[in-house]
Amino acid sequence: MAEFAVKIADERGRVQEHVEQGYSEAEVRDRFVQQGYLVYWVKPQGVLSGGLSRRRRKLKQATFLVFNQQFLTLIRAGMPILGSIELLIKRQKDAQLRQILENVRDRVKGGELLSEAFAAQGVIPKIYTTTLMAGEKSGNMDEVLTRYISFQRLAMTFRKKLFVSLIYPTLLVSVVMIMVTFLFTYVVPKFAELFNSLDAKLPAITVFMLAVGQNAQKYAPFVLIGLVILGFVLWRWKDTESGGDRIDRIILSLPMLGEIRLKHQVASFSRMLSTLLQGGLPLVPAMETAGSSMSSRRILKGVMRAGIRVREGQGLAGSLEEQKIFPELAVEMIEVGESTGALPAMLNSVAEFYEEDVQTALGATMALIEPLILVIMAVFVGGVLISLYLPIFTLGVH
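Residues numbered from 1 in each chain as written. Predicted model: local features only at pLDDT ≥ 70, side-chain atom pairs only at ≥ 80, totals over all residues. Heavy atoms only, no water.

Visitor: Got a sec to walk through the overall build of the chain? Specific residues and values, please.
Guide: Across its full length, the chain carries 16 helices and 3 strands. In terms of overall size, the chain is more extended than a compact globule, its C-alpha atoms giving a radius of gyration of 27 Å where 398 residues would be expected to give roughly 21 Å. On the principal axes, the C-alpha backbone points of the chain span a range of 95 × 45 × 40 Å. Of the contacts made within the chain by residues no fewer than 6 positions apart, 59% connect residues no fewer than 24 positions apart. Summed over all atoms, the accessible surface of the chain reaches about 21,300 Å², with 62% contributed by carbon and sulfur. (Helix = DSSP H or I, 4+ residues; strand = E, 2+ residues; numbered from the N terminus. Rg over C-alpha atoms; globule rule 2.2 N^0.38 Å. Contact = heavy atoms within 4.5 Å. Areas by Shrake-Rupley, 256 points an atom, 1.4 Å probe, with all protein chains shown as cover.)

Shown next, in the form of structure tokens:
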């Protein structure tokens, strides 16, 4: 997702400027128009000067979570919001967050709401600013902050588990790539020099392997440059409307991995939507906020279309079912939550179910991929070594 600077006005005429994440200028503009805002302009991040374009480095989630834990403790102790921020600025070691808090303090002193001050920083997650806004409207700031902190803890724990699950396969693939590169760019050309000096008749498989090795040594720099250029082009293409849609569809259509990604997105959306609803936010704005945080374009567009249907009076489960995105079980559970008046609790159950399902499926997939990589590596390396040593064995016999 890219970052866009937006200037909007609400129904009271209050003008706001902040940075919003989205996939295109049109998508961000339509999102705010659907929420009832007057949109002055939407520009890619970096076009404007000043505070919005200076802070482009991503805020560390762990540091921001610690700040909110301390902030919540001070609020519960009865300290005013402005005084709490002043105290935390003095204790803050992270330079970026300290600068953000100083700007927030100045804006709050100038009369802005706390949620508006954080939204103007450009790097604060929208779910956080929306949570603060719900707390300001309901007067339960400590309660909504507690829910936000609990949500972030669960999300970070889940991401860490996914990261740990992927470490060993990533290292394994890296070792295989290094070994293959070393074999074809160094070992095989050395054997080619040896066989040329012996002037012996070589088996067909050896001739083929020597040709591959010599060409690899000759063209390896060009191949590397080509791969870097291709990677850069794909990286830029994924930020476009058509490129992002195509890549997202390819990922979701992959066997096993596509299903895991879909379930992970469903779990994240459900957890986020539940947190926002428990904070007192209406359903449609909560859907738009939760949906805008999804990395899958297909799910983002589906949630936005479902939000329109909900605004027209249709139920959440029926609206999501129309988009044919969410798994049937998730839709059925949401429908039960709607009918019983316990939608936030049921969304939490959906998130827990699919988080556990993702971990189980990822573990099973990794258990299948790891031995498969080892077998492929053994067959490949063994084939290369046999093709290189076969002529030596033949010469020894003669």
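Still to come is the rest of the account.
Visitor: Can you break down the UniProt feature "transmembrane region" (unreviewed entry) in the chain residue by residue, with the values?
Guide: Feature annotation in UniProt places "transmembrane region" (unreviewed entry) on residues 162-188, 219-237 and 372-392, given in this structure's numbering. Secondary structure across residues 162-188 divides into 100% helix and 0% strand, with the first and last C-alpha atoms of the span separated by 38 Å. End C-alpha to end C-alpha, residues 372-392 measures 31 Å, and it is 100% helix and 0% strand. (UniProt positions renumbered as here; feature names shortened; annotations may be inferred.)

Visitor: Which residues make up the nonpolar core, and what values do they have?
Guide: Core analysis: the biggest nonpolar cluster contains 62 residues, and Phe118 and Tyr128 have the highest contact counts within it. Split by domain, the residues of this core number at least three in each of domain 2 (61-124) and domain 3 (146-397). Excluding its chain neighbours within four sequence positions, the residues that come into contact with Phe118 are Phe64, Phe67, Leu101, Val104, Ile124, Tyr128, Thr129 and Leu132. Core analysis: the second largest hydrophobic core is formed by 16 residues, Leu210, Ile373, Met377 and Val384 among them. (Core = buried A, V, L, I, M, F, W, Y, C linked by side-chain atoms within 4.5 Å. Buried < 20%, exposed > 50% of the residue type's maximum accessible area, 1.4 Å probe, protein only. Domains from an automatic or database assignment.)

Visitor: A description of empty space enclosed by the protein should follow, citing residues and the corresponding values.
Guide: In total, this model carries 1 cavity of 30 Å³ or more according to the counting rule given. Quantified by volume, the largest cavity comes out at close to 40 Å³. Breaking the lining of the largest cavity down by element, the ones donating at least two residues are helix H7 (126-138), helix H8 (141-198) and helix H11 (257-278). Here the lining of the largest cavity is built from residues that sort into 4 nonpolar, 3 polar and 1 charged. (1 Å grid on protein atoms, 1.4 Å probe; cavity = no way out; pocket = protein on both sides within 12 Å on 5 of 7 lines; lining within 4 Å. Points joined across faces, edges and corners; volume = space filled by probe spheres on them. Nonpolar A, V, L, I, M, F, W, Y, C, P; charged D, E, K, R; others polar.)

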